[in-house]
Amino acid sequence: MSQVESASLTPAGLDALDSDVKRRDLRRMKAVATGFLVGATVLFFVAHWWQTRGGPGWVGYVKAAAEAGMVGALADWFAVTALFRRPMGLPIPHTAIIPTKKDQIGNSLGDFVGSNFLAEDVVRDKLRRTRISHRLGVWLGDRSNAERVTAELATAARAAVTVLRDEDVQDVLEQVVVRQLMKQPWGPPMGRVLEGVLVDGTHHRMVDLVCDRAYDWVRSNHDLVMRVVSDHAPTWSPKFVDAMIADKVFSEVLAFAWAVKIDPEHPMRQAVDKFLVEFAQDLQSDPSTIERAEQIKNQIIEHPDVQKFIGKAWTTVKTMILDAVADPSSALRQRVADGLVRVGNRLATDEEFRAKTDGWLEEAAGYVVRHYRGEITTLITDTVARWDADETSRKVELQVGRDLQFIRINGTVVGALAGLLIYTISQLI
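Each residue is numbered by its place in its chain's sequence as written, counting from 1. With the structure being a predicted model, the display of local features is reserved for residues of pLDDT at least 70 and the display and counting of side-chain atom pairs for 80 or more, all residues being used for whole-chain, interface and lining totals. As a rule here, side-chain values cover all heavy atoms of the structure and leave hydrogens and water aside.

Quick notes on the overall build of the protein
Here's step 1: Working definition: helices are DSSP H or I runs of at least four residues, strands are E runs of at least two. Numbering for both runs from the N terminus. Summing up its helical and strand segments, the protein has 19 helices and 0 strands in all.
Here's step 2: Here the term buried applies to any residue with accessible area under 20% of the maximum for its type, exposed to any over 50%, and partly exposed to those in between, with areas from a 1.4 Å probe on protein chains only. Put simply, the protein has 429 residues, and 28% of those count as buried.
Here's step 3: When contacts within the protein are restricted to residue pairs at least 6 apart in sequence, those whose partners lie at least 24 apart make up 71%.
Here's step 4: Computed with the Shrake-Rupley method and a 1.4 Å probe, the accessible areas treat only the protein chains shown as cover for residues. Total accessible area on the protein is roughly 28400 Å²; 63% of this is exposed by carbon and sulfur atoms. The criterion used for residue contact is that any of the two residues' heavy atoms lie within 4.5 Å.

Structure follows, in structure tokens:
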């Protein structure tokens, strides 16, 4: 394929090709309309010459028809030409209407579109009759269409994530997330959460786990207990006495751990519950406890490992997103496609949900036309205002000029018929 052919297939090339075709059609129709005028003029002069030379009576009818056709053709040529330029360059009033009234035409067009096409009731009625939600539901219910939408969303997400600078996102994370964490006290919300856990009794599982691990640890560390007791015994105490005391201590500790483990109502467990309740209340109301929670929070946030994690958080999330959207079989894309199919099926079958969706669309469209109709119509008026007057005239003529030439042709034909009718009536009278 040649470069010329390739260029002609681009949008700009197609527009240029379309303009050339319209320009040729306009020239051809102008020639045809002018041909009618020339034909009527020639016929008039021939008939006039023949009539003055004693031609038959019917020549007068031909002359009248040709004369009226010639006048009609000239009048319509003047009318059509006056829309786009001054006929023969003469400064005749109320000619070159489009170049001289370009801005007024743009304003009138904007007002017309705003009043007749962007009226709220018109937009709502159009949306209601279009049944967008039902059509969208049927379309999304097709898995292939849902996957197409998912692919487009993945492309948009990939573009959005790629265009974001890592430094900017990390700055936002530090300024928004970290600062909010530092700004908000941790004590009261942690106290409320702990209080809710205690009310539900969810903490009992954790207490059971601690008791189990404590019992297992004591049972597995007999030698350690013996060594601790021996190390703290007086130097003058005999070794066998230390061993007997250590063994007794181990047995008591093991029995105590077993009792706490198997008895849900053990005083130790009740003491733990009481401590947790009081601690939850102190986190919410005790200034000293709240301050200590704040100190712990600051230590956590300022810890090098936490700072390192915050710095790499966006990089990790970015990599996960890019990997997920790039793989058509990824769990993320599959879930998005599944969700779109479910929404589509629901829109297609659930009348109540469909009615709600239509209502949301109508409200959104109504809000847009109520608040932004002026801005939308301004697009028309501003665009027309930026056009060059002569260029605007040429563009409009290129679009509608061919059809306007039929006015000239019809004017010639209708004028000829009218002239013939008037001459006939005059002869009859």
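Some details on helix α17 (residues 331–349)
Here's step 1: For α17, with 19 residues, the first-to-last C-alpha span of 27 Å sits near the 27 Å given by 1.5 Å per residue.
Here's step 2: What α17 keeps buried is the set Arg 333, Ala 337, Gly 339, Leu 340, Val 341, Gly 344 and Leu 347. One fewer than the residue count of a helix, multiplied by 1.5 Å, yields its expected span.

What about the pattern of salt bridges?
Here's step 1: We define a salt bridge as a side-chain nitrogen of Lys or Arg found within 4 Å of a carboxyl oxygen belonging to Asp or Glu. The tally for this structure, following the rule as stated, stands at 14 salt bridges.
Here's step 2: For Arg 129, the salt bridge is made with Asp 125, and the minimal N-O distance between the two is 2.8 Å. With Arg 129 and Asp 125 both in helix α6 (residues 120–130) and 4 residues apart, the pair spans about one turn of that helix.
Here's step 3: Its relative accessible area of 31% is what places Asp 125 among the partly exposed residues.
Here's step 4: Overlapping salt bridges, with partners in common, bring together Glu 120, Arg 124, Asp 125, Arg 128, Arg 129, Glu 362, Glu 363 and Arg 370 in one network.

Re the packing of helix α7 (residues 132–141) against helix α8 (residues 143–163)
Here's step 1: Geometry is summarised by axes, namely lines fitted to C-alpha atoms with helices restricted to the contacting stretch, and by angles between N-to-C directions that run from 0 to 180 degrees. Their axes nearest at 5 Å, the elements α7 and α8 cross at an angle of 95°. Comparing the axis directions of α7 and α8 gives the class roughly perpendicular. Between α7, through Trp 139, Leu 140 and Gly 141, and α8, the contact on the second element is made entirely by Arg 143, Asn 145, Ala 146, Arg 148 and Val 149.
Here's step 2: Classification used: nonpolar for Ala, Val, Leu, Ile, Met, Phe, Trp, Tyr, Cys and Pro, charged for Asp, Glu, Lys and Arg, polar for all others including Gly. Considering only residue class, the contact of α7 with α8 consists of 4 nonpolar, 2 polar and 2 charged. Note that the term roughly parallel is reserved for angles under 35 degrees, roughly antiparallel for angles over 145, roughly perpendicular for angles of 65 to 115, and oblique for everything else.

Side note on the packing of helix α3 (residues 58–84) against helix α19 (residues 389–428)
A packed helix pair is summarised by two numbers, namely the angle formed by the two axes and the spacing between the axes.
Here's step 1: For the pair α3 and α19, the least separation of the axes is 6 Å and the interaxial angle reads 155°. When the interaxial angle is binned, α3 and α19 end up roughly antiparallel. As α3 packs across α19, the resulting crossing turns out to be right-handed.
Here's step 2: Among the residues forming the contact of α3 with α19, the class breakdown is 16 nonpolar, 11 polar and 3 charged. Left-handed describes a crossing whose near helix is turned anticlockwise from the far helix through less than a right angle; right-handed describes the clockwise counterpart.

Quick notes on the packing of aromatic side chains
Here's step 1: Put simply, two rings from Phe, Tyr or Trp (the six-membered ring, in Trp's case) pair if the centres are within 6.5 Å, and we call them stacked under 30 degrees between planes, edge-to-face over 60, tilted for the rest. The final tally for this structure, using the stated rule, is 6 aromatic pairs.
Here's step 2: Summarising the aromatic geometry, the rings of Tyr 61 and Tyr 423 are spaced 4.9 Å apart at their centres and angled 85° between planes, so their arrangement reads as edge-to-face. Here Tyr 61 is found in helix α3, whereas its partner Tyr 423 is found in helix α19, with 362 residues between them in sequence.
Here's step 3: Taking 5.2 Å as the distance between ring centres and 55° as the angle between the ring planes, the aromatic pair formed by Tyr 215 and Trp 258 counts as tilted. One end of the pair, Tyr 215, is in helix α11 (residues 203–220); the other, Trp 258, is in helix α13 (residues 239–262), and 43 residues separate them in sequence.

A few points about a nonpolar patch on the surface
Here's step 1: Excluding any residue in a salt bridge, patches collect residues exceeding 30% relative accessible area, merging like charges within 9 Å and nonpolar Val, Leu, Ile, Met, Phe, Trp and Tyr side chains within 5 Å. Judged by side-chain polarity, Trp 49, Trp 50, Trp 58, Tyr 61 and Leu 420 come together as a nonpolar surface patch covering roughly 530 Å² of accessible area.
Here's step 2: Looking at where Trp 49 falls in the secondary structure, it is placed in helix α2 (residues 11–52).

Here's the deal with unusual backbone geometry
Here's step 1: The backbone of Arg 131 shows a phi angle near 55°, a positive value even though the residue is not glycine.
Here's step 2: Mapped onto the elements, Arg 131 comes out in the loop between α6 and α7.
Here's step 3: Since its relative accessible area comes to 44%, Arg 131 is described here as partly exposed.

Side note on the side chain of Glu 362
Here's step 1: Note that Glu 362 resides in helix α18 (residues 351–386).
Here's step 2: When its relative accessible area of 11% is taken as the criterion, Glu 362 is described as buried.
Here's step 3: Here Glu 362 is in contact with Arg 124, Leu 127 and Arg 128, once residues within four sequence places are set aside.

Quick word on the side chain of Arg 408
Here's step 1: Along the chain, Arg 408 falls in helix α19.
Here's step 2: We score Asp and Glu as negative and Lys and Arg as positive, and we do not count His or the chain ends. Here Arg 408 sits buried without a salt bridge, and the closest side chain of opposite charge, Asp 76, lies 7.8 Å off (N-O distance).
Here's step 3: Polar side-chain contacts of Arg 408 include one of 3.1 Å to the side chain of Thr 34.
Here's step 4: Within the structure, the side chain of Arg 408 is placed 2.9 Å from the side chain of Gln 405, a separation counted as a polar contact. Throughout this description, a polar contact denotes any pair of N or O atoms lying within 3.5 Å of each other; where both atoms belong to protein, one of them has to be capable of donating a hydrogen while the other can accept it, and for residues adjacent in sequence the pair is counted only when both atoms sit in side chains.

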